[in-house]
There are 2 protein chains.
Amino acid sequence: MTSFEEAETEETAACLHMTFYHPCQNDKMMFHCLNFCKREQVRADEMAKFGRDPNICHYNLVDTRVSRIQFSLQFYRKLNSSELCFEIKNMSKKTKLFVDHTELGYLNKIDLPWKCIVCFGDYQILMEIQEGESLDYFETHLCLSKVPILQEKCIPLVQPLPENSIIPSLFPSQGKSPIEIDENESC
Amino acid sequence: MTSFEEAETEETAACLHMTFYHPCQNDKMMFHCLNFCKREQVRADEMAKFGRDPNICHYNLVDTRVSRIQFSLQFYRKLNSSELCFEIKNMSKKTKLFVDHTELGYLNKIDLPWKCIVCFGDYQILMEIQEGESLDYFETHLCLSKVPILQEKCIPLVQPLPENSIIPSLFPSQGKSPIEIDENESC
């Protein structure tokens, strides 16, 4: 047994905090397979996959409108830097994935900003990166939000717009603290 | 059954041609689990993994000096472009991976140039990308080279260098057709 004095210095692990919201989460229970409020370790050489197929995706969304694999996350080190990053990749042929204002089609990928909102279909996920040192693994920490992460109501697409009108941006109030999480529900 | 006239237009798949060489390949047989000269399909949502652990790596290198996962390849689409790319990631904590002149440490990754030489330890792999259209899968095509892919002899690292001497670049003759593949052996 290694004594306390001889043990290797403990490393912190990077953690990806993810807060989920779907308008039908209480009726459709699509999140009931997610392990909320418990940190989980993911090996650095594995992809964290989110989607409908539990044989492929550790993070399983129980919803027929979700793709077999909806998106994946990988952990990597930037070249010529010690910076550890997360990259998100849209694995759905049917559904676009939005990372803040950036639209990802099938097989498009992008670095996750340290704090961002990821959307696909009616799903909203607030993602926040907590830095760490370990190169062996990272952690995920999932929470549930009782209220929408995007507060603003989008104009329904069926509503006719007058010609030359300015189309509002998808997330117009972003940056104006759009996140309200019910503490009792979230964790 | 769909008739010839009604069938969807056939798509070509991108193919990654990989030509392997190791100086001890005849004695150590580290490549005997690789399926040479047969094109294999890899689903676009999967990583192609190369390494010692056959439970994780479809492309298995039978050599105790190879890491459990040595490197992985993923297929993706560039943002705001229809371009299909391959990305290589070094998954070995112990061994650097070179993509032409670029050194990748553990968890570093880089886009594969359309033609390049990948090296780790004594392994040399010539990689050539053949473009395709399919977004569902890509192909791999592995060959064996009887002769080194890098022709030049590196100066042994133990040989002392005079001060202020110029250290030769790792692959000084690259671009000057360094590849000689024995047709009988390679495919």
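Residues numbered from 1 in each chain as written. Chains lettered and ligands numbered in written order. Predicted model: local features only at pLDDT ≥ 70, side-chain atom pairs only at ≥ 80, totals over all residues. Heavy atoms only, no water.

Caption draft 1: Representation of the relation of the copies chain B and chain A within the structure. Of the two same-sequence chains, chain B is brought onto chain A (RMSD 0.0 Å, axial shift 0.0 Å) by a rotation of 180 degrees. Considering both components of the superposition, the chain copies are consistent with a two-fold axis. Relative to the rotation axis, the closest C-alpha in chain B is found at M47(B), a distance of 4.7 Å. In this assembly the copies share their binding face: 100% of the residues contributing to the interface of chain B also contribute to that of chain A. (Least-squares fit on C-alpha atoms with pLDDT ≥ 70 in both. Contact = heavy atoms within 4.5 Å.)

Caption draft 2: Inspection of the UniProt feature "domain: FHA" (unreviewed entry) in chain A at higher detail. Here, the residues flagged by UniProt with the feature "domain: FHA" (unreviewed entry) are residues 49-121 of chain A. As annotated, residues 49-121 of chain A comprises 0% helix and 47% strand, and the C-alpha atoms at either end are separated by 17 Å. (UniProt positions renumbered as here; feature names shortened; annotations may be inferred. Helix = DSSP H or I, 4+ residues; strand = E, 2+ residues; numbered from the N terminus.)

Caption draft 3: Seen up close, the pattern of salt bridges. Applying the stated criterion to the full structure yields 20 salt bridges over all chains. Of the charged contacts, one joins R68(A) and D45(B) as a salt bridge, the two residues approaching to 2.8 Å between their closest N and O atoms. On the criterion of chain membership, the pair formed by R68(A) in the loop between strand 4 (59-60) and strand 5 (71-77) and D45(B) in the loop between strand 2 (39-43) and strand 3 (48-51) is interchain, its members lying in two chains. Put simply, E103(A) and K96(A) hold a salt bridge, and the shortest N to O gap is 3.7 Å. Of the residues examined, E103(A) reaches a relative accessible area of 41% and is grouped as partly exposed. A cluster of three or more residues bridged by salt bridges with shared partners is formed by R43(A), D45(A), D53(B) and R68(B). (Salt bridge = Lys/Arg side-chain N within 4 Å of Asp/Glu carboxyl O. Buried < 20%, exposed > 50% of the residue type's maximum accessible area, 1.4 Å probe, protein only.)

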